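Summary of the model geometry
The chain contents come next:
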Amino acid sequence: MIRDFWVKNYLSIRDKQELSFVAKGPASELVTEVAEGVFLYKLGILYGPNASGKSNMLLALNEVFRLLVLPQSDANERIDRSIPFILTKDDPIEMHVSFYANGIRYDYDVSFNEEYILSESLYYYPNKSKALFYERHFVDDNVQAEIKFGPSLQLFVKTQDSIRENTLNNHSVLSVCRKAALKEDIAPFNVLHSWIMDNYHEVDGDGQKGFVEILKDAYNNPRKRKFYNTMLQKADLNIVEYRPIVEDRFVPADYRERILKENIPEEVKEALLKPTADSVAFVNHSINGDFDVPLKWQSKGTLKYIRILDALYDMITDSHVYYLDELGEDLHNDLLYYYLNVFIFNSDKSQLIITSQETTLLSQDLINENRGVVWFVEKNKETASSEYSRGDSFGLHKNLSLYNSYRIGRLGAKPELGSIFINLED
């Protein structure tokens, strides 16, 4: 889980902007004890008008972990997604994240541009006291970075040298364990790297799997299949269950001829010209009997709900961190509340950070009583930079409604719209 995060000079964020998930104590179902005496919020919600920068904070959270675990194979490769604020594009991007993995706290700081990681440091708390994992500083182009390892890791000199040799200037030190086979004493690296790869996810999930693939994977896991069928039934979609099917596929003659002439591998041609396709049928209920409805006839909202169930299953069965952008889009607000409540009341050490335009969430008692889970985002009109304000930073009395205060503009982060009358004359 993420304890706190800040970012500077990234996308629409010029000045340092911070999210903190630290809670004062175990006051509600929104809080979990991630380590002895450490209480964190499981949920984070970012509100604001379109183009305010809500999604950019999710991308920044995503990027700091990508940078930490994904290596480069070529020293000349550009650091992916290195996009500084346009007016300060010559300055480095800076990020900090404090997070927990296997119950241990880690603090990671990094400064980078599109070519190099200029500096990074990773500290951890293996025995509740702060210790160095490693720190690194850029020296020069085509020169090995200066890397210092913490003594508590007990790495052999040979292992340290091997890590240094495999660390290019455009990727993190930790990511080396993904590209090089090292000795047993690198176990602390492998444990942390594996935890991040398995438990911290891309925005809106990993890999953008298709609906058929998502549902087939769930169907082949009895526990997960039961979860999907249960959640589809409870969502009042008139779906009893689902099952994989194979459908006939029409391949036009001219398309077939064109593919056969293409210079592509035979297995690719075979897949493109396959006369059948995997799909899914949903069993719907009526008093006159059950009937099948194919996947392609499902509504946009139903498809959105199916996609986010994958993240929900992970979060209530293990410890995961997910970022979901524009959650609530295409969903009825009651279904959105239900989804969030299933997460809140059934998860333990998982965390969900979302952006949403569904402001009625603010009227829910659980959110209004835990204002630390909400951030209001708006663009500073003078700097064009995104600014983030936590819901409990406005000094609102506990009896005042967060929803009403936001609705009347007391908390900002609302679009300022012009007249509804349009004059196209000069």
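Everything in this summary refers to the structure shown in the same document. Small disclaimer: the values here were computed from a predicted structure and weren't measured.

1. Overview of the layout of surface pockets
Volume-wise, the largest pocket comes out at about 400 Å³. Around the largest pocket sit 22 residues that line it, and Asp204, Gly205, Gln208, Arg307 and Ile308 are the ones nearest its centre. Of all the elements in the fold, those that place two or more residues in the lining of the largest pocket are helix H4 (211-219), helix H8 (300-317) and strand S15 (321-324). The element that contributes the greatest number of residues to the lining of the largest pocket is H8, accounting for seven residues. Tallied by class, the residues present in the lining of the largest pocket amount to eight nonpolar, three polar and 11 charged. Roughly 310 Å³ of internal volume is contained in the second largest pocket. As for the second largest pocket, its lining consists of 16 residues, and the residues nearest its centre are Lys24, Tyr41, Glu369, Asn370 and Arg371. Of the residues contributing to the lining of the second largest pocket, the split by class is five nonpolar, five polar and six charged.

2. Some details on the sheet that holds strand S13 (residues 276-284)
With respect to topology, three strands assemble into an open sheet ordered S12-S13-S14, the strand pairing being antiparallel. The sheet terminates laterally at strand S12 (239-248) and strand S14 (291-294), the two strands that pair on one side only. Strand after strand, the sheet turns through a mean of 35 degrees between neighbouring axes, direction not considered. Summarising the sheet, S12 and S13 pair through nine bridges and their orientation is antiparallel. Counted as the bridge partner of Ile239 is Asn284 from S13.

What counts and what doesn't
Residues numbered from 1 in each chain as written. Predicted model: local features only at pLDDT ≥ 70, side-chain atom pairs only at ≥ 80, totals over all residues. Heavy atoms only, no water. 1 Å grid on protein atoms, 1.4 Å probe; cavity = no way out; pocket = protein on both sides within 12 Å on 5 of 7 lines; lining within 4 Å. Points joined across faces, edges and corners; volume = space filled by probe spheres on them. Helix = DSSP H or I, 4+ residues; strand = E, 2+ residues; numbered from the N terminus. Nonpolar A, V, L, I, M, F, W, Y, C, P; charged D, E, K, R; others polar. Pairing = 2+ DSSP bridges. Axes fitted to C-alpha atoms, helices over the stretch in contact; angles between N-to-C directions.

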